[in-house]
Amino acid sequence: VGTQPQAQVADPTAYIADPGPLGLAGFAMTTFVLSVFNAGLITTSGLVAVVLPLALFYGGLAQFVAGLWEFRKGNTFGALAFCSFGAFWLSFAAYAKYVEPGLGGNAHTATGIYLLGWAIFTGYMCIAAARVNGAVLGVFVFLTLTFVALTIGIWSQTPAITKLGGWLGLITAALAWYASCAGVANATWKRTLLPVFPLAPAQR
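Residues numbered from 1 in each chain as written. Predicted model: local features only at pLDDT ≥ 70, side-chain atom pairs only at ≥ 80, totals over all residues. Heavy atoms only, no water.

A.B. asks: Give a description of the nonpolar core that names residues and reports values.
C.D. replies: Formed by 34 residues in total, the largest nonpolar core has its most connected members in Phe27, Phe85, Trp89, Phe140 and Phe147. At the level of elements, α1 (20-38), α2 (51-73), α3 (76-99), α4 (107-129), α5 (134-155) and α6 (159-189) are the ones that each hand at least two residues to this core. Contact partners of Phe147, with chain neighbours within four places excluded, come to Phe85, Phe88, Leu115, Trp118, Ala119 and Thr122. (Core = buried A, V, L, I, M, F, W, Y, C linked by side-chain atoms within 4.5 Å. Buried < 20%, exposed > 50% of the residue type's maximum accessible area, 1.4 Å probe, protein only. Helix = DSSP H or I, 4+ residues; strand = E, 2+ residues; numbered from the N terminus. Contact = heavy atoms within 4.5 Å.)

This is how it looks when you write it as C-alpha cells:
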C-alpha cells in the first residue's frame with residue numbers, strides 16, 4: 001500500500017520580518033565607534049563618551065530586542081548571539097560609566113577578565129556560525145580575534161596590542177555591516193544582491 005503524501009504545514013512565523021539585519025546593524029555601528037577610539041584614530045579626551053548612548057540604545061537595546069524576535073522565529077543561534085551581545089553592550093555601558101572609574105589601578109585587570117569571558121563565548125559561537133554562512137562566520141572569527149587582542153592589550157597594559165584590537169574591531173564592524181546590508185537588501189529586492197556565502201546545504 002502506497003503512503004499518503006504528508007500535507008505541508010505553513011510556517012507560523014513566516015509573517016515576521018527577519019530581525020537579523022537589525023541586530024547586526026546595531027552591533028556593527030557600536031563596534032565601529034568604539035574601535036575608532038581603540039585603534040587610536042581619535043585621541044581627543046572625553047569624546048569616547050559618545051560610545052555610551054550607542055551601547056545603551058542601539059548596540060544594547062535594539063540588538064537585545066532583535067534577539068528576542070529570533071527566539072520567536074525559532075533561530076537559536078540568532079537569539080543567543082543577539083541577546084548576548086545586546087547584554088554585552090548594556091553591561092559595557094554600565095561598567096564604563098559606574099564601575100571602572102572606581103577601580104583605580106586595578107581597572108585593567110577587571111577589564112581584562114571581563115573581555116576574556118567574552119572572547120571565550122565568541123570563540124565557541126564560531127562553531128555554530130560555521131553552519132550559518134560565510135558572512136556571519138567572518139564576523140565571529142574577527143570578533144573573537146578582537147576580543148583576544150583587547151584582552152591581552154588591556155590586561156598587560158600594552159597599548160600597541162590594544163590598538164591592534166581596535167583595527168580588528170573595525171574589520172569586524174565592516175563585516176557585520178555587510179551581513180546586515182545583505183540581509184535587508186536581499187529581502188527587499190527578493191533576490192540575491194549581496195552574497196552571504198552559504199557554507200552548508202540548506203536543511204530539509
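So that's the structure; there's more coming.
A.B. asks: I'd like to hear about the packing of aromatic side chains, residue by residue, with values.
C.D. replies: All chains considered together, the criterion is met by 15 aromatic pairs. Ring geometry for Phe32 against Trp177: centres 5.4 Å apart, planes inclined by 50 degrees, an arrangement best described as tilted. Here Phe32, found in helix α1, pairs with Trp177, found in helix α6; they are 145 residues apart in sequence, far enough to count as distant. Since its relative accessible area comes to 33%, Phe32 is described here as partly exposed. (Phe/Tyr/Trp six-rings, centres within 6.5 Å; stacked < 30°, edge-to-face > 60°.)

A.B. asks: Help me get a handle on unusual backbone geometry, residues and values and all.
C.D. replies: Although it is not a glycine, Gln157 adopts a positive phi angle of roughly 55 degrees. Relative to the assigned elements, Gln157 resides in the loop between α5 and α6. Take Gln157: its relative accessible area is 54%, and that puts it in the exposed class. We note that Phe197 has phi near 60 degrees; this positive angle belongs to a residue other than glycine. Inspection of the secondary structure puts Phe197 in the segment after α6. Under the relative-accessibility criterion, Phe197 is labelled partly exposed at 48%.

A.B. asks: Explain α1 to me, and be specific about the residues and the numbers.
C.D. replies: Over its 19 residues, α1 extends 26 Å from the first C-alpha to the last, a length consistent with the 27 Å expected when each residue adds 1.5 Å. Among the 19 residues that make up α1, 15 are buried, leaving the element largely enclosed by the rest of the structure. One or two steps after α1, the chain reaches Gly40, where phi turns positive at roughly 80 degrees. (Expected span 1.5 Å × (residues − 1).)

A.B. asks: Give a description of the side chain of Thr30 that names residues and reports values.
C.D. replies: Here Thr30 lies in helix α1. Looking at Thr30, its side chain comes within polar contact range of the main-chain nitrogen of Gly59, at 3.2 Å. What Thr30 contacts, discounting residues up to four positions off in sequence, is Leu54, Ala55, Tyr58, Gly59 and Trp89. (Polar contact = N/O pair within 3.5 Å; in protein donor to acceptor, adjacent residues only side chain to side chain.)

A.B. asks: Go over the environment of Phe88, please, and point to the residues and values.
C.D. replies: Tracing the backbone through its elements, the reader meets Phe88 in helix α3. With relative accessibility at 4%, the residue Phe88 sits in the buried group. Residues Phe88 and Ile16, spaced 72 residues apart in sequence, show a C-alpha to C-alpha distance of 25 Å. Once residues within four sequence positions are removed from consideration, Phe88 is found in contact with Tyr114, Trp118 and Phe147.

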